[in-house]
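# Commentary on secondary and tertiary structure
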Amino acid sequence: MVPRAPVLSLATALLMAAPLVGITGATAAPDAPAATTASVSAHPAGQTAKSPKSCQVKNASAKPANRPPYVLKKHAYFGGYSLGDGASSSDVAGSFQVYENKACRPIDIAHAYVNWSKNFPPDPYTAQAAQQGKIILLSWTGTDTVTMKSGQVDSRIAEIADQVKAFHYPVLFEYRWEMDIPNNSREVHTPADYIAAWDRVHKIFQQQHVRNASFVWCPSDWGFAQGTAQKYYPGNSEVDWV
């Protein structure tokens, strides 16, 4: 059985639209402000599909909030990441606006990727998305798990923790996604190495008093199918979202 985190789960799918984006949704637990969701249904047999409508979506402004993302009781978060090959950060920001206009609603989660040596936020558009009330899903690569668990790079882990803390907006922090796929084995090594590195990252975030982040564990669907992803699970006490 796949371990279940104490809070909720994230699921990712793809929606073919212009531009192409990833859709991130979450099911929920305790009380929190409700969010609306978008749905798609087929038109009845014999009827011609109507041309999709387009809207001019205006994003609200949000004040800084030093808290983790809310858990929704009855609704789902609706979000994405631009998949444009070689797109600049400004292109990504623009594609979000185009997509929101096509969906006729703002997205709730904006996905950002940051590798080991880069800072957070990676560009001004990530901060802009947070200021519009979007939750930032931060996927952070980390580095070699053996090096991370040894304590040799604690200062760098503390640095990224401080950057997330100083962001002052809710963040879903996703350390080393798809840790279970063969392509990542040279840096991830064994499940025990990965869990030890996760433990160290989680501990340092606590030591740095990061209050606005929740931890996301994101293995591959391939790993679940093969029965290998479960071996990398750090435990309910250190995972907030799956």
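This text follows the structure it describes.
First things first, this report covers the structure right here in the doc. Here the residue numbers are simple positions, counted from 1 along each chain's written sequence. Note on the predicted model: pLDDT of at least 70 is required for a residue's local features to be given, and 80 or more for side-chain atom pairs to be given and counted; whole-chain, interface and lining totals, by contrast, use all residues. In computing side-chain values, all of the structure's heavy atoms are included and hydrogens and water are not.

## Thoughts on the state of the cysteines
Defined as follows: Note on terminology: pairs of cysteine sulfur atoms within 2.5 Å are recorded as disulfides. The helix count covers DSSP runs of H or I at least four residues long, the strand count covers runs of E at least two residues long, and both are numbered beginning at the N terminus. To sort residues, take the accessible area from a 1.4 Å probe on protein chains only and compare it with the maximum for the residue type: under 20% means buried, over 50% means exposed, and anything in between is partly exposed.
Using the criterion set out here, one finds one disulfide in the structure. Note that Cys55 is cross-linked by a disulfide to Cys104, the S-S spacing being 2.0 Å. With the S-S dihedral at roughly 85°, the linkage between Cys55 and Cys104 falls on the right-handed side. Remark: Cys104 occurs in the loop between α1 (89-103) and β4 (109-114) and Cys55 occurs in the loop between β2 (21-26) and β3 (79-80); sequence separation between them is 49 residues. Accessibility expressed as a relative area gives 23% for Cys55, which makes it partly exposed. Overall, the relative accessible area of 24% leaves Cys104 in the partly exposed class.

## Looking at the pairing of β4
Heads up, the rule is: Two strands are counted as paired when DSSP detects at least two bridges linking them.
In terms of burial, β4 is largely enclosed, as five of its six residues are buried. In terms of strand pairing, β3 meets β4 through two bridges, oriented parallel. Note that in β4 the partner of Gly80 across the bridge is Ala110. Bridge count between β4 and strand β5 (residues 135-140): six bridges; the pairing is parallel. Paired with Val114 across the bridge in β5 is Trp140.

## Digging into the pattern of salt bridges
Selection rule: By definition here, a salt bridge exists when the distance from a side-chain nitrogen of Lys or Arg to a carboxyl oxygen of Asp or Glu is within 4 Å.
Taken as a whole and assessed by the stated rule, the structure comprises five salt bridges. Residue Asp193 is joined to Lys149 by a salt bridge in which the shortest nitrogen-to-oxygen separation is 2.6 Å. A residue pair is termed long-range when its members are at least 10 positions apart, and Asp193 in helix α6 (residues 191-207) and Lys149 in helix α3 (residues 145-150) qualify at 44 residues. With a closest N to O distance of 2.7 Å, Asp154 and Arg200 form a salt bridge. Placement of the pair is Asp154 in helix α4 (residues 154-167) and Arg200 in helix α6, with a sequence separation of 46 residues. Owing to a relative accessible area of 23%, Asp154 belongs among the partly exposed residues under this scheme.

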